[in-house]
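These are the residues of each chain, in order.
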Amino acid sequence: MSFVGLGAAEERRMLEKIGVSRFEDLIGAIPAEVRVRGPLAIPGPLSEIELRRLFGGWARENAADRAVSFMGGGVYDHYIPSALQVLASRSEFATAYTPYQPEVAQGTLTSIFEFQSLICELTGMEVANASLYDGATAAVEAALLARGQTGRQRVLVAGALHPHWLAVLRTYLGEDHVTVVSDRAGQCAPEDLQTALTPDIACVIYQHPNFFGLLESPSAIHALAHERGALAVACCDPIALALLEPPGRGDSAADLVVGEGQSLGIPPSFGGPYLGFFACRMELVRRMPGRIAAETVDRDGRRGFVLTLQTREQHIRREKATSNICTNQGLLALRATLYMALLGRQGMREVAELCVQKSHHAARLAAAIPGYSLAHGGPFFREFVLECPVDAAVVCRRALASGILPGVDLGRLRPEWRRWLLVAVTEQRSAEEIQRWANALAAAAGSK
Amino acid sequence: MGERTRSRGGLEMNLERRLLIEQGGEGHRGPELPACDVPARPLAELLPGARLRAELRFPQVSEPEVVRHFIELSTLNHHIDRGFYPLGSCTMKHNPKINDELAALPGLALAHPLAGDPESQGALRVIFELQNVLAAITGFHTVTSQPSAGAQGEMTGLMMIRAWHRARGEGERRRRVIVPDSAHGTNPASVHLLGWETVTIPSNDHGHVDLAALEKALGPDAAAVMFTVPNTLGVFEKEILDVTRLAHAAGAQCYMDGANLNALVGLVRPGDLGFDVMHINVHKTFSTPHGGGGPGAGPVAVARHLEPFLPVPVVEEGEGGLCRSWNRPQSIGRVHSHHGNFGILVRALAYILENGPPGLARVSRTAILNANYLLRRLAGTYELPHDEHCMHECVLSGRNLRRYGVKTLDVAKRLLDFGVHAPTVYFPLIVEEALMIEPTETETLDRLEHFAEVMERIAREAAEDPQLLKDAPHTTPSRRLDEGRAARELKLRWQVPGSTPSEAPARS
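Predicted model, so just to flag it, every value in this text is computed and none were measured.

S.K.: Please provide a residue-by-residue account of the overall build of chain B, values included.
M.R.: Regarding its fold elements, chain B presents 15 helices and 12 strands. Relative to a compact globule of 508 residues, whose C-alpha radius of gyration would be 23 Å, chain B shows 26 Å and is just as compact. Once the C-alpha set of chain B is aligned to its principal axes, its extents read approximately 70 × 70 × 55 Å. When burial is assessed residue by residue, chain B has 65% of its 508 residues classed as buried. Across chain B, contacts joining residues at least 24 apart in sequence account for 71% of those joining residues at least 6 apart.

Okay, structure coming up:
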């Protein structure tokens, strides 16, 4: 396979024009003793036919190739409209670069502006950026912004935050700077935050709905944080925000709303690429990390869009930048924009309601199976924790034999959760599939 | 050119760039959803106490409206499948089409990151194989593919260096990172994010690092040196082995910014140059689509002594096949929600296997040849800051056009009129009026000639009709945009017509 359009005769002509007799003369600066001799120790080249065979084989080795999924935990099996796939695959979007020359990048810039607008509406915030790597790093960037804004170093995390996000926060901020307040029966008790809210806390970070799918009490958490001079950071799922009051509105509002945008038309893809979204109050815009598109006009007075406030960014400000983030997740932001546009005002709400109806239906079925019960009592959105009569790993193994991935075995994350199965039910799951899932659970209960 | 001959398709419907929110209307909607097939209950009963939103002020548009809107937008973009993109340091090269198809195979695209190891053998195999081939290409002991982008890879690499110093009891003392003045902006930004300090050292007249300045900066407080190879002037540092030797002698670690790896594959392995850690921008060297600014992926390769500090989980071979290991007490922790930008990693592995050893070596060879060809071809027209052979990119200067009142920015904008994207301008910062050009191996001799002729024509225009350049671009979908106004007015989202925008949220 070759992606080079240059023949030997052309190469000779070029070398002559450059004024050297052989290619090696061009790379004389590379010390001879470290030059690679002989071919690299890697396989290939492979033809397209061989590649399809190889990757096709690997794809079939994953259970996802054949099973019906009830897995969630921050990554959901939502329907992706056909038009989204077609539009997002266009070369004009997929093979373009960062829009640093806006005159020939209005497609990308306009879609980013629409993305920002939709995220603002969804979160109830005043300004959003053009996206970050994923939900976890969006939470990290929110914490870093809060540190810069308050001059305080530590952050307080409500217990039911996604454990992986918590791990990433600890990596970036340092163990000593992250305090976790344990949940009560899966939810954050605002009064528990009160004692932990010492004067060195820059922000309170919580997830809503949280890792277990349970709803939190946003206003109470915000109010407490503000009382102690800390910022309130809400981590939200965008589908849930189509139904729930956005944390950026109401009597006591969050300062930052961030989250994982995977549920907006992005396939699970074994963990990425995903979409970190990041929205905040206008007052914080100059501390916001990442790229931002803005409306302006061109020389003819026609509407156009450009990247703005670039003086916050590392290519201009270097060590004084608000963040080291350089790339965003542009193509995923486009996918999310297409998803929100295609579903629209009505469809977004319908997806969210279907998730609630179907997940509650599944929970009722499961709770009626001897040995199974719901681990928590609070209201949940799309996702719930099932306490199993045997280890969740056993349930997963048995259910897979009947073509079902029945949920996330939380024992993979913490040993004390080994009987917990985190179950997500999206609009994709039919009543018939949910029944098959319940049957598989019943069958799995009998095995030790 | 100029007003007279501008042709911008005046019959476009969306001439004034109507946004989604300004289209459609009540009752317009996209694809239908299935009816609820389980017994439905009132939301208030299912979600007791929850506060539901009153309205969602999203657009109401039909599928045809969405399709036309985005197809119209798509026609406004320059992209690598359409034309030359000589952006230095960004490595805009051809994206093989089969790679996208492989990443979309249902078994890969639908794989859930929280599925167990036995259910994920195919996905783990992709990660494991990619890490192995990247280690072989770069000459390092092992690789993590978890970081989502080059800048995150930098952070990851620096954190591992910090962990190594701490493990040796030198963590408190070593907090300075030495970076040449030609470095990418992410380098100092990453150093700062870690709470460390950047020490900038100057380049000499040949665009190489000043070894004396390096030696002076290296002390007992130096944690690392951070070098881009080849450097951002497109030059391979002759003395690079001295750089890594001196750094190690002073107890510092050597970090390589891998942004320019496209010049090295199959020719030299960074691990053999004495580096301890590097990141790899797979979207550059290994040709994953740039997506209008992302997603990328930034795997990090490390020497053997840094292996214990890799982020968790680490994919390794176990008894029952591949597995994810968390049992790594010295790990820096996790840097991504899951396993990095897996879909991008699939494409990178496919690209590497498609090319194989001979193809990859030819890629670097051709990239170098193309850049040197353009360098010589344009050397008489634009200034050459350093008269040496370059690697895969070259830096020219437009300062000779200043006498006509023309800036490099004007040259860049004028290029757009010819269907060519502008090069990277004003970087590296150490070259006045810099034009940084990276043709990559994708471009054929025909295309290089066309580009050279256009560049020559623009230089002539600068002398004959400088206003033409200052008014450029003339034929692009938008004319020069007012960036100052954008920054002053800060219109960062649409205002929904007919309703009060939700401005400052109430604070209690």
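More follows now that the structure is in view.
S.K.: Tell me about the packing of aromatic side chains, and name the residues and values.
M.R.: Residues and elements named next belong to chain A. According to the stated counting rule, one finds 14 aromatic pairs over all chains in the structure shown. Grouped by ring-pair contacts, the aromatic residues Phe70, Phe380, Phe384 and Trp437 constitute a single cluster. Between the NZ or CZ atom of arginine 382 and the centre of the ring of tyrosine 76, over which it lies, the distance is 3.5 Å. When the ring centre of phenylalanine 70 is taken as reference, the NZ or CZ atom of arginine 429 above it lies at 6.0 Å.

S.K.: Which residues make up the interface of chain B and chain A, and what values go with them?
M.R.: On the chain A side, the residues contacting the 201 residues of chain B number 192 residues. For the pair chain B and chain A, the summed buried area comes to about 17700 Å², and 63% of that belongs to carbon and sulfur atoms. The largest contributions to the chain B side of the interface with chain A come from Arg53, Phe58 and Leu492 of chain B, which together make up 5% of the buried area. For the pair chain B and chain A, the number of links is 13 salt bridges. With a shortest N-O distance of 3.7 Å, glutamate 295 of chain A and lysine 491 of chain B are connected by a salt bridge. Taken together, chain B and chain A are joined by 82 residue pairs in polar contact (both at pLDDT 80 or more). Top element by residues in the side of chain B that touches chain A is helix H11 (residues 342-378) of chain B. It accounts for 26 residues. Partitioning the side of chain B that touches chain A into residue classes produces 105 nonpolar, 50 polar and 46 charged.

S.K.: So what's going on with the sheet that holds strand E12 (residues 434-437) of chain B? Which residues, and what values?
M.R.: All names here are of chain B. Read from one edge to the other, the open sheet built from three strands follows the order E10-E12-E11, with strand pairing classed as antiparallel. Lying at the two open borders of the sheet, with one neighbouring strand each, are strand E10 (394-397) and strand E11 (424-425). Where E10 meets E12, four bridges bridge the pair, whose relative direction is antiparallel. Along E12, the bridge assignment pairs serine 397 with alanine 434. Its contacts with the sheet put H11 on E10 and E12, and the angle it makes with E10 is roughly 20°.

S.K.: Hey, could you go over empty space enclosed by the protein for me, with residue numbers and the actual values?
M.R.: Under the counting rule described, the total for this entry stands at 12 cavities of 30 Å³ or more. In this structure, the largest cavity spans a volume of roughly 160 Å³. Forming the walls of the largest cavity are 17 residues, and the residues nearest its centre are Gly74, Tyr76, Gln207, Pro209 and Asp237 of chain A. Tallied by class, the residues present in the lining of the largest cavity amount to seven nonpolar, six polar and four charged. Around the second largest cavity, the lining residues are Ile127, Gln131, Val143, Thr144, Ser145, Gln146, Leu310, Pro311, Pro313, Val314, Val315 and His339 of chain B. Elements supplying a minimum of two residues to the lining of the second largest cavity: helix H5 (121-138), strand E1 (142-144) and strand E8 (314-318) of chain B. Across the lining of the second largest cavity, the residue classes tally to seven nonpolar, five polar and no charged.

S.K.: Could you give me a rundown of the pattern of salt bridges, with the residues and numbers involved?
M.R.: With the rule as written, the count across this model stands at 57 salt bridges over all chains. The salt bridge involving aspartate 77 of chain A is made with arginine 429 of chain A; its shortest N-O contact spans 2.8 Å. Highlighted residues: aspartate 77 of chain A in the loop between strand E1 (68-69) and helix H3 (82-88) and arginine 429 of chain A in the loop between strand E15 (420-424) and helix H14 (431-445), separated in sequence by 352 residues. For aspartate 77 of chain A, a relative accessible area of 16% gives the class buried. What makes arginine 429 of chain A buried here is its relative accessible area of 8%. Residues arginine 328 of chain B and glutamate 316 of chain B are paired through a salt bridge, measuring 3.7 Å at the closest nitrogen-oxygen approach. Of this pair, arginine 328 of chain B sits in the loop between strand E9 (321-325) and H11 while glutamate 316 of chain B is found in strand E8, placing the two residues 12 residues apart along the sequence. On the accessibility criterion, arginine 328 of chain B (14% relative accessible area) is buried. A relative accessible area of 29% places glutamate 316 of chain B in the partly exposed class.

S.K.: Which residues make up the environment of leucine 54 of chain A, and what values go with them?
M.R.: Take leucine 54 of chain A: it is sitting in helix H2 (residues 48-60). Judged by relative accessible area, which is 28%, leucine 54 of chain A ranks as partly exposed. As a C-alpha pair, leucine 54 of chain A and leucine 244 of chain A span 190 residues in sequence and 45 Å in three-dimensional space. When near neighbours in sequence (up to four residues on either side) are disregarded, leucine 54 of chain A contacts Leu46 of chain A together with Leu353 of chain B.

S.K.: Provide a residue-level description of the sheet that holds strand E5 (residues 253-257) of chain B, including the pertinent values.
M.R.: Residues and elements named next belong to chain B. Taken in spatial order, the seven strands make up an open sheet running E1-E7-E6-E5-E4-E2-E3, and their pairing is mixed. Either end of the sheet is taken by a strand with one partner, and the two such strands are E1 and strand E3 (197-201). Between one strand axis and the next, the sheet turns by 25° as a mean value, whatever way the strands run. Bridging between E1 and strand E7 (residues 300-302) involves three bridges; their strand directions are antiparallel. What sits directly across from threonine 142, in E7, is valine 302. Across the sheet, H5 touches E1, strand E6 (277-279) and E7, and the angle it forms with E1 is around 125°. Along the sheet, helix H6 (residues 150-167) contacts strand E4 (222-228), E5, E6 and E7; its crossing angle with E5, the most-contacted strand, is approximately 175°.

S.K.: So, the layout of surface pockets: which residues are in play, and what are the values?
M.R.: Taken as a whole, the second largest pocket encloses approximately 1200 Å³ of empty space. Taken together, 50 residues form the lining of the second largest pocket, with Tyr100, Gln310 and His315 of chain A together with Thr424 and Val425 of chain B sitting closest to its centre. Put simply, the parts of the chain that give the lining of the second largest pocket at least two residues each are strand E10 (303-307) and helix H11 (314-317) of chain A together with H6, helix H10 (282-285), helix H12 (408-416), E11 and helix H15 (483-489) of chain B. Looking at the lining of the second largest pocket, its residues break down into 20 nonpolar, 22 polar and eight charged.

Calculation criteria
Residues numbered from 1 in each chain as written. Chains lettered and ligands numbered in written order. Predicted model: local features only at pLDDT ≥ 70, side-chain atom pairs only at ≥ 80, totals over all residues. Heavy atoms only, no water. Helix = DSSP H or I, 4+ residues; strand = E, 2+ residues; numbered from the N terminus. Rg over C-alpha atoms; globule rule 2.2 N^0.38 Å. Buried < 20%, exposed > 50% of the residue type's maximum accessible area, 1.4 Å probe, protein only. Contact = heavy atoms within 4.5 Å. Phe/Tyr/Trp six-rings, centres within 6.5 Å; stacked < 30°, edge-to-face > 60°. Lys NZ or Arg CZ within 6 Å of the ring centre and 35° of its normal. Buried area = accessible area lost by both parts, 1.4 Å probe. Salt bridge = Lys/Arg side-chain N within 4 Å of Asp/Glu carboxyl O. Polar contact = N/O pair within 3.5 Å; in protein donor to acceptor, adjacent residues only side chain to side chain. Nonpolar A, V, L, I, M, F, W, Y, C, P; charged D, E, K, R; others polar. Pairing = 2+ DSSP bridges. Axes fitted to C-alpha atoms, helices over the stretch in contact; angles between N-to-C directions. 1 Å grid on protein atoms, 1.4 Å probe; cavity = no way out; pocket = protein on both sides within 12 Å on 5 of 7 lines; lining within 4 Å. Points joined across faces, edges and corners; volume = space filled by probe spheres on them.

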